[in-house]
Amino acid sequence: MSLTKQIISGDRRALAQALTLIENDDHSSQHILTDVYRHTGCAHLIGITGIPGVGKSTLINSLAKLMRKSGDKLGLLAIDPSSQFSQGAILGDRIRMKDLLGDEGIFIRSMASRGVLGGLSSTTAAAVDLLDAAGFDRVIVETVGVGQSEVDIASNAQTSIVVLCPGLGDSIQAAKSGILEIADIIVINKSDYPEVNLTKSYLREMIDIGSAAQTSGSETQNIIDDINEKLDTDSSIWEVPIITTVATTGEGIGDLFEQLLAHYEHIKSTGEIIRRRHSRLRAIFESQLRKQLYTKLSQMLSEDYCLRQLEVIMERETDPYTAATNCIKHFETNYIGDED
Ligand SMILES: Nc1nc2c(ncn2[C@@H]2O[C@H](COP(=O)(O)OP(=O)(O)O)[C@@H](O)[C@H]2O)c(=O)[nH]1
Ligand SMILES: [Mg+2]
């Protein structure tokens, strides 16, 4: 049986093997992804982001236990944005999610990215597609929110959860970095610590300011205008809930699950899910184009024409700027026109 068939039929070892190929950016991974693609599109894709130590893994552990009670099969991915995934972090995740180990309805995997250019987001997107094709009802991606990467992850998710702790410092940081804008649900975890209510009211204010600014200004920028036009504007508004949790005891996890289900229903009933699917596919398509062009470019650099240009630069007969333009022209006429 082919690896793809094994994955579709729920073989966990085959799935693990394929994920390793993707992680290593192995040339065979593209064939696997092409093969499984038509089996994707069924899972609810959930992103959970927040700074390290905020309690994401612990939260997922509690949430997953609850989700399993309703029979959902779950795929969990922990993504590390640094190129070398530290063993400590993997071990940490394993300990935090220990309740889930041994459950056949749950698949857990930590992943790093070793590829080039946008490696993390394309590795994540590919891994999510595999879990989706393998028949998991919900795929949860845990990622560290640092700078731009959480926005990439958001383009992978249908429901994005941002996790914060009580204390204004981190919330102000989150608001400044734009991380609140991607949130469909905000969780204030570690609510056993003081300052929860202050944090909550600050966040509520920030979100309300943010959504007021969005409705008054940026509508024209939307790429998929016609889909948006079809949306009934009143019922299409999702008010971002702020949920307080204590992940270690499970407090508030029921509310979180309820809001997750409500958000999923909301995006399905308003058609927002189509817009999110489109923007996800667009992101995957663009990142594939970038990746494949980069590969072609790397090949081109070692070809005679470029090597000759390099010699001419060294002899100061031309400058690197003109030489680069010449190479691109050569590339366009000799390669891009060749293939369909
Ligand atoms: N007091 C308290 N500690 C928590 C809570 N949630 C998680 N922790 C602890 O915070 C630490 C980091 O949790 P972890 O889930 O690994 O955070 P992650 O890096 O965001 O995945 C662990 O020691 C957890 O036991 C909570 O709600 N309250
Ligand atoms: Mg974690």
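Just so you know, these numbers come straight off a predicted model, no measurement behind them.

Asker: Explain the coordination of the magnesium ion (ligand 2) to me, using residue names and the numbers behind them.
Answerer: On the protein side, the magnesium ion (ligand 2) has Ser57 (OG) and Glu142 (OE) as donor atoms, found 2.1 to 2.2 Å from it. With a gap of 85 residues between them, Ser57 in helix H4 (residues 56–69) and Glu142 in strand E4 (residues 138–144) connect regions that are remote in the sequence. Assigned by exposure class, Ser57 and Glu142 land together as buried.

Asker: Residue-level account of the nonpolar core, with values.
Answerer: Looking at soluble globular proteins, one finds that nonpolar side chains tend to be buried together. If you look at the biggest cluster of nonpolar residues, it comprises 26 residues, and the most contacted ones within it are Ile7, Leu15, Leu77, Leu130 and Val139. Those elements that place two or more of their residues in this core are helix H1 (3–8), helix H2 (12–23), helix H3 (29–36), strand E2 (74–79), strand E3 (106–111), helix H6 (119–133) and E4. Top contributing element to this core by residue count: H6, with seven residues. Not counting chain neighbours up to four residues away, the residues in contact with Ile7 comprise Ala14, Leu15, Ala18, Ile32, Leu130 and Ala134.

Asker: For the side chain of Thr4, give the residues involved together with the corresponding values.
Answerer: Checked against the element boundaries, Thr4 lands in helix H1. Exposure remark for Thr4: the relative accessible area of 9% places this residue in the buried category. Beyond its immediate sequence surroundings of up to four residues, Thr4 is in contact with Ile32, Asp35 and Val36.

Asker: Account for the packing of H4 against helix H11 (residues 253–270), naming residues and giving values.
Answerer: Across the interface, H4 lies against H11 with an axial gap of 10 Å and an inter-helix angle of 70 degrees. What the angle tells us is that H4 and H11 run roughly perpendicular. H11 is crossed by H4, and the crossing has right-handed handedness. From H4, Leu59, Ser62, Leu63, Leu66 and Met67 reach across to H11, where they touch Ile253, Gly254, Leu256, Phe257 and Leu260. Classifying every residue of the contact of H4 with H11 by side-chain character gives eight nonpolar, two polar and no charged.

Asker: Report on the environment of Gly55, specifying residues and quantitative values.
Answerer: Among the structural elements, Gly55 can be located in the loop between strand E1 (44–50) and H4. For Gly55, a relative accessible area of 12% corresponds to the buried category. As for Gly55 and Val163, which are separated by 108 residues in sequence, their C-alpha atoms are 7.8 Å apart. Look past the residues within four positions of Gly55 in its chain and what remains in contact with it is Asn189 and Ala247.

Asker: Pulling in residues and values, what's your account of the sheet that holds E4?
Answerer: What the seven strands build is an open sheet, ordered E3-E2-E4-E1-E5-E6-E7; its pairing is parallel. Every other strand in the sheet has two partners, leaving E3 and strand E7 (242–244) as the edge strands with one partner each. In this sheet, adjacent strand axes meet at a mean angle of 20 degrees when their direction is disregarded. In this sheet, E4 lies alongside E2 in parallel orientation, the contact comprising six bridges. In the sheet register, Gly75 faces E4, and the bridge partner there is Val139.

Asker: Let's hear about H4: which residues, and what values?
Answerer: The end-to-end C-alpha distance of H4, which contains 14 residues, comes to 20 Å, matching closely the 20 Å that a straight helix rising 1.5 Å per residue would cover. Buried residues dominate H4, accounting for 10 of its 14 residues. Taken together, the buried positions of H4 are occupied by Lys56, Ser57, Thr58, Leu59, Ile60, Asn61, Ser62, Leu63, Ala64 and Met67. Immediately beyond the C-terminal end of H4, within one or two residues, lies Gly71, with a positive phi of roughly 85 degrees.

Asker: Can you break down the pairing of strand E6 (residues 185–188) residue by residue, with the values?
Answerer: Residues Ile185 and Val187 line one face of E6 and the alternating positions Ile186 and Ile188 line the opposite face, and both faces are buried. Inspection of the sheet shows strand E5 (residues 159–164) paired to E6 by four bridges, in the parallel sense. Its bridge partner being in E6, Val163 is matched across the sheet by Val187. In this region the chain leaves E5, passes through helix H8 (residues 168–176) and returns to the parallel neighbour E6; the handedness of that crossover is right-handed. Note: E6 against E7, three bridges, orientation parallel. Its bridge partner lying in E7, Ile188 is registered against Thr244.

Asker: Which residues make up the confidence of the model for the chain, and what values go with them?
Answerer: Of the residues in the chain, 81% have a pLDDT of 70 or more, and the chain-wide mean is 84. Here residues 83–88 is a poorly scored stretch, pLDDT under 50, and it has 12 contacts once near neighbours within four places are set aside; other chains count.

Asker: I'd like to hear about the packing of aromatic side chains, residue by residue, with values.
Answerer: In this structure the tally under the stated criterion is one aromatic pair. Taken together, a centroid distance of 6.3 Å and an interplanar angle of 45 degrees make the contact between Phe107 and Phe136 tilted. Of this pair, Phe107 sits in strand E3 while Phe136 sits in the loop between H6 and E4, and the two are 29 residues apart along the sequence.

The rules behind each value
Residues numbered from 1 in each chain as written. Chains lettered and ligands numbered in written order. Predicted model: local features only at pLDDT ≥ 70, side-chain atom pairs only at ≥ 80, totals over all residues. Heavy atoms only, no water. Donors = N, O, S within 2.8 Å, 3.2 Å for Na, K, Ca; no water. Helix = DSSP H or I, 4+ residues; strand = E, 2+ residues; numbered from the N terminus. Buried < 20%, exposed > 50% of the residue type's maximum accessible area, 1.4 Å probe, protein only. Core = buried A, V, L, I, M, F, W, Y, C linked by side-chain atoms within 4.5 Å. Contact = heavy atoms within 4.5 Å. Axes fitted to C-alpha atoms, helices over the stretch in contact; angles between N-to-C directions. Parallel < 35°, antiparallel > 145°, perpendicular 65-115°, else oblique. Left-handed = near helix turned anticlockwise from the far one by under 90°. Nonpolar A, V, L, I, M, F, W, Y, C, P; charged D, E, K, R; others polar. Pairing = 2+ DSSP bridges. Expected span 1.5 Å × (residues − 1). Right-handed = clockwise from strand over helix to strand, strands pointing away. pLDDT = per-residue confidence, 0-100. Phe/Tyr/Trp six-rings, centres within 6.5 Å; stacked < 30°, edge-to-face > 60°.

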